[in-house]
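In case you want the letters, here they are:
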Amino acid sequence: QVQLVESGGGLVQPGGSLRLSCAASGRIFSTNAMAWFRQGPGKEREFVAGISRSGARTNYEDAVKGRFTISRDNAKNTVYLQMNSLKPEDTAIYSCGAGPFVTNTARSYNYWGQGTQVTVSS
């Protein structure tokens, strides 16, 4: 069974940076697309960024383009989300998902981590 474990969340001031990591168990990581979703207070879960199995293709939600970068290291079974120029509206629980292809639809991902809290506040 694939397990996904996120880390790297925390409290950061506006304009600051964080790097989230999602470590996956099992060989399934290398055969699945990966994505980050987030759910802010009182909001629906929303797609943030996705990356194909090879890492050649990435997609981003418009609000994070130019600020966030998704990457993956298949040798380490880990996907990353580098977040720069953070804003208070980026405050949310960030979760990673694994699925057969990159999509902004959460139900298309078969495996999920527990999430890590990101709080952007002065």
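Just so it is clear, the structure is predicted and the values come from calculations on it, not from any experiment. (Residues numbered from 1 in each chain as written. Predicted model: local features only at pLDDT ≥ 70, side-chain atom pairs only at ≥ 80, totals over all residues. Heavy atoms only, no water.)

1. Observations concerning the sheet that holds strand β7 (residues 68-73)
To be explicit about the condition: Strand pairing requires that DSSP identify at least two bridges connecting the strands. Put simply, DSSP H or I for four residues or longer makes a helix, DSSP E for two residues or longer makes a strand, and each gets a number counted from the N terminus. Here, axes are lines fitted to C-alpha atoms. For helices the fit covers the stretch in contact, and angles between N-to-C directions go from 0 to 180 degrees.
Taking strand neighbours across the sheet as the criterion, the 4 strands line up as β1-β3-β8-β7 in an open arrangement whose pairing is antiparallel. The open sheet has two edge strands with one neighbour each: β1 (4-7) and β7. Going from strand to strand, the sheet's axes swing by 15° on average, the running direction of each strand aside. Both β7 and strand β8 (residues 78-83) contribute to a ladder of 6 bridges, which runs antiparallel. If you follow arginine 72 over to β8, its bridge partner there is valine 79.

2. Digging into the pattern of salt bridges
What counts is decided by this rule: By definition, a salt bridge exists where a carboxyl oxygen of Asp or Glu is found within 4 Å of a side-chain nitrogen of Lys or Arg. Residue exposure (1.4 Å probe, protein chains only): buried if accessible area is under 20% of the type maximum, exposed if over 50%, otherwise partly exposed.
Scanning the entire structure with this criterion turns up 5 salt bridges. Linking aspartate 90 and arginine 38 is a salt bridge whose minimum nitrogen-to-oxygen distance equals 2.9 Å. Residue aspartate 90 is found in the loop between β8 and β9 (92-99), and its partner arginine 38 is found in strand β4 (residues 33-39); the two are separated by 52 residues along the sequence. With a relative accessible area of 1%, aspartate 90 lands in the buried category. Notably, a salt bridge pairs aspartate 90 with arginine 67, separated by 2.8 Å at the nearest N-O pair. Highlighted residues: aspartate 90 in the loop between β8 and β9 and arginine 67 in the loop between β6 (58-60) and β7, separated in sequence by 23 residues.

3. Quick look at the packing of aromatic side chains
The description of two aromatic rings rests on the distance between their centres and on the angle between their planes. Threshold: Think of it this way: a Phe, Tyr or Trp ring, Trp meaning its six-membered ring, pairs with another when their centres are within 6.5 Å, and the plane angle makes it stacked under 30 degrees, edge-to-face over 60, tilted otherwise. Comment: the charge-over-ring label is applied if NZ (Lys) or CZ (Arg) is within 6 Å of the ring centre and within 35 degrees of the ring normal.
A full pass over the atoms with the stated rule returns 4 aromatic pairs. Within the aromatic cluster, the residues linked to one another by ring pairs are Phe37, Phe47, Tyr109 and Trp112. A cation sits over an aromatic face here: arginine 45 above tryptophan 112, 4.2 Å from the ring centre. Over the ring of phenylalanine 29 we find arginine 72; its NZ or CZ atom is 4.5 Å from the centre of that ring.

4. So, unusual backbone geometry
The phi dihedral of asparagine 77 is positive, around 55°, even though this residue is not glycine. In this structure, asparagine 77 sits in the loop between β7 and β8. In this structure, serine 85 is a non-glycine residue whose phi angle is positive, near 50°. Turning to its location among the elements, serine 85 is positioned in the loop between β8 and β9.

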